[in-house]
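Each chain is listed here by its residues.
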Amino acid sequence: MEENFTMAYKKGLQKVEYMWKHLEGFPHITRNGEWLVNQNGHWTGGFWIGLLWLDYLEYGDTGVREAAREWTRKLRCRMADNTTHDQGFIFGPSSVMGNRIFPSADFVPLIHAGARNMMDLYVKEVGLIQAWKEEGYQGISIVDTIMNLPILWISDELKGETEQKEVCQRVARRILECALRPDGSSYHVVKWDEDFRVYGDTHQGYSAESCWTRGQAWALYGFANLYRYTAQEEYLDTAQKLAKYFYEHLNKNRLPAWDVTFQDCEEMPVDASAASIAASGMLLIADLLEQKGESGKAESLIEQGKKILAAETKLCLYKEMERYGIIRQVTVDYPRGSGIGESAMYGDYYFMEALFRLKYAGNRDMLRLLY
């Protein structure tokens with residue numbers, strides 16, 4: 001791994017250890033550089049635990065390992081929470097990753113609970129997962145769900161069953177049909193009416209027909225990861241098409257605008273979290289292609305991922321230990337004026353995960369630990 005990335009990884013883990021010693025709850029996003037924390041993990045608690053697991057894998061500190069286990073136990077309060085599709089985000093980097101690193105009876109019930117919660121949100125009439133069970137959000141699925149589907153597959157693998165796997169595949173194919181456009185871009189939202197007719201829209205993007213870059217990043221990573229579990233070629237092909245669109249619509253500085261509508265518009269903020277997610281996703285795609293003997297395609301994606309990470313390291317890596325997270329310049333929700341130029345757990349986690357992928361490139365035993 002190049003020196004700048006080695007430095008960034010070490011600096012990121014220093015921030016994790018500082019936060020571990022000072023946090024009084026799960027970190028979510030920052031406001032004016034100060035972490036907003038909660039006691040139930042919101043939808044981002046798994047990413048915080050995932051960072052602790054990365055720190056443990058680097059240094060082998062049993063104190064960090066036990067902290068990761070204790071933070072994971074705090075997520076037990078979410079085991080019956082079937083109001084959000086974010087079950088993979090909550091229980092993936094925490095419980096799935098934890099169980100692979102340090103197998104324990106603590107983790108498996110959480111994995112199964114996350115899968116059950118997702119099944120509760122499955123709407124068979126449209127073949128999609130409802131994003132949130134809340135007033136005003138009926139008939140809404142979002143492309144981010146593709147990242148959460150592996151929890152269904154993993155749970156069934158652990159149980160030796162198939163029902164959840166079948167739903168996982170059905171939903172993935174419906175996302176492919178309904179949320180992806182012919183040019184390789186994506187809708188953030190798929191809605192359906194009371195007659196179950198579906199159509200594309202947005203929630204955090206500029207418009208229904210624009211492309212919200214974090215949604216695009218979720219999609220390219222999510223389809224690649226589903227290929228990893230299912231070996232369905234169409235998912236890997238889709239991930240490559242999504243990654244090509246994402247990379248071709250970066251700003252000149254190799255960071256994404258918050259929506260591709262504003263590519264190279266200096267007045268509009270970037271979203272460094274989209275960069276983090278996409279870079280890790282591109283490196284995942286590259287690894288999967290390498291395993292298939294497609295080294296040329298793999299090398300191209302590795303170089304693209306590195307260019308994004310180099311831009312983040314140069315322009316977004318934190319400067320103050322006491323403020324912000326690892327990566328700044330995240331845009332949480334531009335249309336609602338939320339979290340602009342801040343840090344977010346998902347931006348931090350996927351930046352570090354991408355560097356982990358570089359550090360352990362080709363090491364199957366290490367890479368298999370990731371959710």
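Residues numbered from 1 in each chain as written. Predicted model: local features only at pLDDT ≥ 70, side-chain atom pairs only at ≥ 80, totals over all residues. Heavy atoms only, no water.

Asker: Would you take a moment to explain the pairing of strand β8 (residues 330-333) for this structure?
Answerer: The two faces of a sheet get side chains in turn, since along a regular strand they alternate between them. Across three bridges, the pairing between β8 and strand β9 (residues 338-342) is antiparallel. Looking across to β9, one finds that Val 330 is bridged to Glu 342. The hairpin formed by β8 and β9 contains four residues between the paired strands, and Gly 337 there has a positive phi angle of roughly 65°. (Pairing = 2+ DSSP bridges. Helix = DSSP H or I, 4+ residues; strand = E, 2+ residues; numbered from the N terminus.)

Asker: I'm lost on the packing of helix α9 (residues 213-230) against helix α11 (residues 272-291) in this one. Help?
Answerer: Any two packed helices are characterised by the angle at which their axes cross and by the distance between the axes. It is at 8 Å that the axes of α9 and α11 come closest, and there the two elements cross at 25°. If you check the angle between α9 and α11, you find them roughly parallel. When you trace α9 past α11, the crossing you get is left-handed. Contacts between α9 and α11 involve Thr 213, Arg 214, Ala 217, Trp 218, Leu 220, Tyr 221, Ala 224, Asn 225, Tyr 227 and Arg 228 on the former and, on the latter, Ser 273, Ala 274, Ile 277, Ala 278, Ser 280, Gly 281, Met 282, Leu 284, Ile 285 and Leu 288. When its residues are assigned to classes, the contact of α9 with α11 shows 13 nonpolar, five polar and two charged. (Axes fitted to C-alpha atoms, helices over the stretch in contact; angles between N-to-C directions. Parallel < 35°, antiparallel > 145°, perpendicular 65-115°, else oblique. Left-handed = near helix turned anticlockwise from the far one by under 90°. Contact = heavy atoms within 4.5 Å. Nonpolar A, V, L, I, M, F, W, Y, C, P; charged D, E, K, R; others polar.)

Asker: Looking at this structure, how should I read the packing of aromatic side chains?
Answerer: Note on aromatic pairs: each is described by the distance of the centres and the angle between the planes. What the rule picks out here adds up to 21 aromatic pairs. Measuring from ring centre to ring centre gives 5.8 Å for Phe 47 and Tyr 349, while their planes differ by 25°; the resulting arrangement is stacked. Of this pair, Phe 47 sits in helix α2 (residues 45-59) while Tyr 349 sits in helix α13 (residues 345-359), and the two are 302 residues apart along the sequence. Each member of the pair Phe 47 and Tyr 349 is classed as buried. Measuring from ring centre to ring centre gives 5.0 Å for Tyr 349 and Tyr 350, while their planes differ by 80°; the resulting arrangement is edge-to-face. Taken together, the ring pairs in this structure connect Trp 43, Phe 47, Phe 89, Trp 218, Tyr 221, Tyr 346, Tyr 349 and Tyr 350 into an aromatic cluster. The aromatic ring of Tyr 318 is capped on one face by Lys 11, whose charged end is 4.8 Å from the ring centroid. Between Lys 74 and the ring centre of Trp 71, over which it is positioned, the NZ or CZ distance is 4.0 Å. (Phe/Tyr/Trp six-rings, centres within 6.5 Å; stacked < 30°, edge-to-face > 60°. Buried < 20%, exposed > 50% of the residue type's maximum accessible area, 1.4 Å probe, protein only. Lys NZ or Arg CZ within 6 Å of the ring centre and 35° of its normal.)

Asker: Explain empty space enclosed by the protein to me, please; I cannot follow it from the model alone.
Answerer: The gaps left among the atoms become clear once a water-sized probe is rolled over them. Under the definition given, this model contains one cavity of 30 Å³ or more. What the largest cavity holds in volume is close to 40 Å³. In terms of lining, the largest cavity is formed by Pro 93, Met 147, Tyr 221, Asn 225, Tyr 349, Tyr 350, Glu 353 and Tyr 371. The set of elements that each furnish at least two residues to the lining of the largest cavity consists of α9 and α13. Split by residue class, the lining of the largest cavity holds six nonpolar, one polar and one charged. (1 Å grid on protein atoms, 1.4 Å probe; cavity = no way out; pocket = protein on both sides within 12 Å on 5 of 7 lines; lining within 4 Å. Points joined across faces, edges and corners; volume = space filled by probe spheres on them.)

Asker: Can you walk me through unusual backbone geometry in this structure?
Answerer: Among all residues save glycine, negative phi is the norm, and among peptide bonds the norm is trans. With a phi angle near 55°, Asn 32 is a residue other than glycine that sits in the positive phi range. Using a relative accessible area of 55% as the deciding quantity, one classes Asn 32 as exposed. Even without a glycine there, the phi angle at Phe 196 is positive, about 65°. Among the structural elements, Phe 196 can be located in the loop between β6 (189-192) and β7 (198-201).

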